[in-house]
Amino acid sequence: MRDKPEVTFGKITEEGLAKMRATSGRTHYPQVQNAVASQDAIRQFAWGIGDDNPLWCDLEYARRSRYGHIVAPPFFPYAVAAPQGMEGLPGVHAFHCGCAWEWFKVIHIDDQLTCVDIPTDFVEKQGKMGGRQFLQLGKTFYRNQRGEIVAVNERATMRIERQAAKEKGKYDNIKKYRYTEEELLKIDEMYQKEEVRGADPRYWEDVTLNEELTPVVKGPLALTDMVEFMVGIGGGQGAHRVRWKYMKRHPMWGVRDPETGTLEPMADVHYESAVSDAIGVPIAYDLGIQRFSWAGHLITNWMGDDGFLKKLNARCTLFNVFGDTQFLKGAVSKKYHEGDEYLVDIEIRTENQRGESTMPGRATVSLPSKTRWL
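Position numbers for residues count from 1 along each chain, tracking the sequence in the order it is written. Where totals are concerned, whole chains, interfaces and linings use all residues; where local detail is concerned, this predicted model gives features only for residues with pLDDT of at least 70, and gives and counts side-chain atom pairs only at 80 or more. Computation of side-chain values covers all heavy atoms of the structure but excludes hydrogens and water.

### What to know about unusual backbone geometry
- A cis amide bond, omega -5°, links G219 with the succeeding residue P220.
- We count a stretch as a helix when DSSP gives it H or I for four or more residues in a row; a strand needs E for two or more, and each element gets its number in order from the N terminus. With respect to the helices and strands, P220 occurs in the loop between β6 (216–218) and α8 (223–232).
- The phi torsion at N210 lies on the positive side, around 70°, for a residue other than glycine.
- Inspection of the secondary structure assignment puts N210 in the loop between α7 (181–193) and β6.
- Buried means the residue's accessible area, taken with a 1.4 Å probe over protein chains only, is under 20% of the maximum for its type, while exposed means over 50%, and partly exposed covers the values in between. You can call N210 exposed: its relative accessible area is 61%.
- Its identity as a non-glycine residue notwithstanding, H240 has a phi of 55°, on the positive side.

What follows is the structure, given as structure tokens:
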């Protein structure tokens, strides 16, 4: 039997909490992965979340749109920089579990983008996975080259003691799912039926309450999906000397490979099940920012090129491990207008192949109106 990776088991201490709380309200400047929304960066992010909407990827199509050029998917800011609340508390694991996005501007091709992040709070929660748990909160601001705020995200990350999570074993019984031929056929059919509204305007007047969105399917999740997503957001801690320097700065963020004896980044929980198992999740799993981006894909497919995603909040309630498939669905819960905007609220439902709810959420979309466009 292969030896298990050697993981650092940090503790949530009062000293560590005091240091964390001292950072609240201080402005941080995260590492920027994509400072320019280039055509290639936009395409790589879109493909990294499995979104082939031609508005993001096809220059000739985009030239015929209202914008006259390629624009970025709403969640592209994750490819600029993706603060997730993992600073502080060395050796204490971090699960990025919640987002509350608000968008103010479209990101156009070749926009230059900056990011600042502000930790806002640190709240103790009931320990469902074991031991002490704290919700680490923060607010991230993205601006373009004109200094305009493009988007703001309120983030939430659960900090959990790895040893306690491993000992409690909440996910010990989870296994990689084996699909029937009928289940795989259903997934194939959903991929085929995915509908991109595109250039056909979805007018506010034509939307009805309880109207169902065409579902979007993601999975079964595999290593390639994780690699493509990391390419799409511009990478992680870097490779070779760059990674070595990162690990020297953050040694307790690492995990020691039992065969080579080398220290690897804890991000390997998203690629290697042996590493994720060492912290209480037997199978490697996705990233929160990845799943939230999938919710954006569901909404932009439905709203079309002339819609604008104003808000989206979501929370991950279960792990999405290798072999799992996520079925993203939505329904119109409200339609109204404020000022000169015609708005629709959408309830988002995400279920895995076991029928479990894994990411509920809500979005607000601004749609064109026949009255306004006449």
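That covers the picture; the talk isn't over yet.
### Examining the packing of aromatic side chains
- Put simply, two rings from Phe, Tyr or Trp (the six-membered ring, in Trp's case) pair if the centres are within 6.5 Å, and we call them stacked under 30 degrees between planes, edge-to-face over 60, tilted for the rest. Per the counting criterion, the structure on display carries 14 aromatic pairs.
- When the ring of F75 is compared with that of W101, the centres are 5.6 Å apart and the planes differ by 70°; the resulting orientation is edge-to-face. One end of the pair, F75, is in the loop between α4 (59–63) and α5 (77–80); the other, W101, is in strand β2 (residues 92–103), with 26 residues separating them in the sequence. Across this residue pair, the class does not change: F75 and W101 are buried.
- With a centroid separation of 4.9 Å and an interplanar angle of 70°, the aromatic rings of Y285 and F319 are classed as edge-to-face. Pair noted here: Y285 is in the loop between α10 (273–277) and α11 (288–303) and F319 is in the loop between β9 (308–315) and β10 (326–338), with a separation of 34 residues, a long-range link.
- Overall, the relative accessible area of 12% leaves F319 in the buried class.
- A network of ring pairs unites the aromatic residues F75, Y78, W101, W103 and Y142 as a single cluster.
- One cation-aromatic arrangement involves K334 over Y336; the distance from NZ or CZ to the ring centre is 4.5 Å.
- Placement of a charge over a ring requires the Lys NZ or Arg CZ to be within 6 Å of the ring centre, with the centre-to-atom vector within 35 degrees of the ring normal. When the ring centre of W204 is taken as origin, the NZ or CZ atom of K335, which lies over that ring, is 4.2 Å away.

### Comments concerning the environment of F122
- Structurally, F122 is set in strand β3 (residues 114–125).
- Linking F122 and L137, residues 15 residues apart in sequence, is a C-alpha distance of 6.1 Å.

### Description of the nonpolar core
- Counting 92 residues, the largest nonpolar core has F45, F76, I299, W302 and L312 as its most contacted members.
- A per-element tally of this core places α11 first, with eight residues.
- Setting aside residues no more than four positions away along its own chain, L312 makes contact with F75, C99, A100, W101, W103, A295, G296, I299, I348, R362 and A363.
- If you look at the next biggest cluster of nonpolar residues, it comprises seven residues, including I12, L17, L89 and V92. To define a nonpolar core, start from buried Ala, Val, Leu, Ile, Met, Phe, Trp, Tyr and Cys residues and group those joined through side-chain atoms within 4.5 Å. Two residues qualify as a contact provided that any one of their heavy atoms is within 4.5 Å of a heavy atom in the partner residue.

### Brief notes about the sheet that holds strand β11 (residues 341–352)
- The criterion for strand pairing is that DSSP finds at least two bridges linking the strands in question. With antiparallel pairing, nine strands are arranged side by side in an open sheet as β3-β4-β5-β2-β9-β12-β11-β10-β6. Because the sheet does not close on itself, it has two edges, and the strands there are β3 and β6. Taking the axes of each pair of neighbouring strands and ignoring which way they run, one obtains an average angle of 20° across the sheet.
- Here twelve bridges tie β10 to β11, and the two strands are oriented antiparallel to one another. Of the residues in β11, the one forming a bridge with Y336 is L343.
- Lying over the sheet, α7 contacts β6 and β10, oriented at roughly 130° with respect to β6.
- Every axis in this analysis is a line fitted to C-alpha atoms, fitted for helices over the stretch in contact. Angles between the N-to-C directions lie between 0 and 180 degrees. Taken strand by strand, α11 contacts β2, β6, β9, β10, β11 and β12 (361–367), and its axis lies near 140° from that of β9.

Just geometry here; none of it tells us what the structure is for.
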